[in-house]
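# A closer look at the structure
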Amino acid sequence: MDNKCCQDNQLNACASVYFLFAAGLDSTMSDVAKDKAARLLKKRGSVSSLSSHEVKAKETTGKTKDSMSTVSYIDEPGQQDDNPRPAVQMENTYQLGPAKRFPVATVNNILKDVLTSYLQEEKYEAELCRQMTKTISEVIKARVKDLMIPRYKIIVLINIGQLNEQNMRIGSRCLWDPTNDTFSSYTFKNTSLFAVANVYAAYFE
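Cut-off values and rules
Residues numbered from 1 in each chain as written. Predicted model: local features only at pLDDT ≥ 70, side-chain atom pairs only at ≥ 80, totals over all residues. Heavy atoms only, no water. UniProt positions renumbered as here; feature names shortened; annotations may be inferred. Helix = DSSP H or I, 4+ residues; strand = E, 2+ residues; numbered from the N terminus. Polar contact = N/O pair within 3.5 Å; in protein donor to acceptor, adjacent residues only side chain to side chain. Contact = heavy atoms within 4.5 Å. Core = buried A, V, L, I, M, F, W, Y, C linked by side-chain atoms within 4.5 Å. Buried < 20%, exposed > 50% of the residue type's maximum accessible area, 1.4 Å probe, protein only. Phe/Tyr/Trp six-rings, centres within 6.5 Å; stacked < 30°, edge-to-face > 60°. Lys NZ or Arg CZ within 6 Å of the ring centre and 35° of its normal. Pairing = 2+ DSSP bridges. Axes fitted to C-alpha atoms, helices over the stretch in contact; angles between N-to-C directions. Expected span 1.5 Å × (residues − 1). pLDDT = per-residue confidence, 0-100. Left-handed = near helix turned anticlockwise from the far one by under 90°. Nonpolar A, V, L, I, M, F, W, Y, C, P; charged D, E, K, R; others polar.

The protein chain carries the name Tctex1 domain-containing protein 1 in an unreviewed UniProt entry, which gives Huso huso as its organism. Comment text from UniProt for the protein chain, heading Sequence similarities (unreviewed entry), reads "Belongs to the dynein light chain Tctex-type family."

Moving on, we come to the side chain of S137. Structurally, S137 is set in helix α4 (residues 126–145). At 3.0 Å, the side chain of S137 and the backbone oxygen of T133 are in polar contact. With near-sequence residues (within four places) excluded, S137 lies in contact with V156 and I158.

Our next topic: the nonpolar core. Counting residues in hydrophobic clusters, the biggest one holds 25 residues, and the most contacted among them are F102, L119, I136, I140, I154, I160 and V199. Where this core is concerned, the elements lending two or more residues are α3 (104–119), α4, β3 (152–162) and β5 (193–203). If we skip the residues at most four places from it in the chain, I154 touches F102, V144, V199, Y200 and A201.

Attention now moves to the packing of aromatic side chains. Any aromatic ring pair is given by two values, namely how distant the centres are and how the planes are angled relative to each other. A complete count under the given rule lists four aromatic pairs for this structure. Judged by centre distance (5.8 Å) and plane angle (50 degrees), the rings of F102 and Y152 are tilted. Of this pair, F102 sits in the loop between β2 (68–74) and α3 while Y152 sits in strand β3; the two residues are 50 residues apart in sequence, bridging distant segments of the chain. Take F102 and Y152: they sit in the same class, and that class is buried. Here the aromatic cluster, defined as three or more aromatic residues joined through ring pairs, consists of F102, Y152 and Y203. Just above the ring of F204 sits the side chain of K153; from NZ or CZ to the centre is 4.9 Å.

With that settled, the discussion passes to the sheet that holds strand β4 (residues 182–189). Read from one edge to the other, the open sheet built from three strands follows the order β3-β5-β4, with strand pairing classed as antiparallel. Edge positions in the sheet fall to β3 and β4, since each has one partner strand and no second. Across the sheet, the mean angle from the axis of one strand to that of its neighbour is 10 degrees, orientation sign disregarded. With eight bridges connecting them, β4 and β5 associate as antiparallel partners. Note on β5: the bridge partner recorded for S184 is V199. Sitting on the sheet, α3 is in contact with β3, β4 and β5, with an inclination near 30 degrees to β4. Here α4 sits on the sheet and contacts β3 and β5; the angle it forms with β3, its principal contact strand, is near 150 degrees.

On to α4. Here α4 spans 29 Å end to end across 20 residues, near enough to the 28 Å set by a 1.5 Å rise per residue. Taken together, the buried positions of α4 are C129, M132, I136, S137, I140 and V144. Its buried side turned inward, α4 meets α3, β3 and β5.

Taken over all residues, the pLDDT of the protein chain has a mean of 75, while the share at 70 or more is 60%. At the level of individual helices and strands, the protein chain shows its lowest average pLDDT in helix α2 (residues 47–52), which scores 42, and its highest in α3, which scores 96. Within the model, the stretch residues 2–7 combines pLDDT values under 50 with zero contacts to residues more than four positions away or in other chains. Note that residues 44–73 has pLDDT below 50 and, in this model, 41 contacts with residues that lie over four places away or in other chains.

All right, on to the packing of α3 against α4 then. Running from amino to carboxyl end, α3 crosses α4 at an angle of 145 degrees, the nearest separation of the two axes being 10 Å. With respect to the hand of their crossing, α3 and α4 are arranged in right-handed fashion. Residues V107, I110, L111, D113, V114, L115, Y118 and L119 of α3 pack against M132, T135, I136, V139, I140, R143 and V144 of α4. Here the residues of the contact of α3 with α4 are counted per class, giving 12 nonpolar, one polar and two charged.

See below:
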């Protein structure tokens, strides 16, 4: 009988020690989880930056008989609620004419400079001239846009052909407002080829 009581007392003592050890282990694991969460927050950014991006923190709580552990996790940025911003409505300017006129003379000088620099020493070759038309048109368009002429649409056309004792006439027709819309044109020739560059400027109301 005494041996049985002693065994019961020993079992109760062991159970108490195991319970206290489990509670301490659970508390230690909770501290470890908190430390890991803090390190994770430091890697992802400060708490203020997380709140500015409206990152929501969720907590899941697990309970044991006499202890409690808490684990926190953060939603992925792609899962946050995105509130679309309302479209900005611009008021009418009621401006029917350009504040700055298209500088025809300045653009003519640009055409002359670009055509001369690119074609002065070149001889006519079909493939070369085909590539040159693309390159020269992009260069001219970029230089005209650098003039910062507001509310004008720019169209650049380049024609390059061979000089072989032939006659050629290049014409164009446009439907536009002659008061505000205009164009610039320049013709270049050397011993082997000719080039015609046209820049059309259409005012956009």
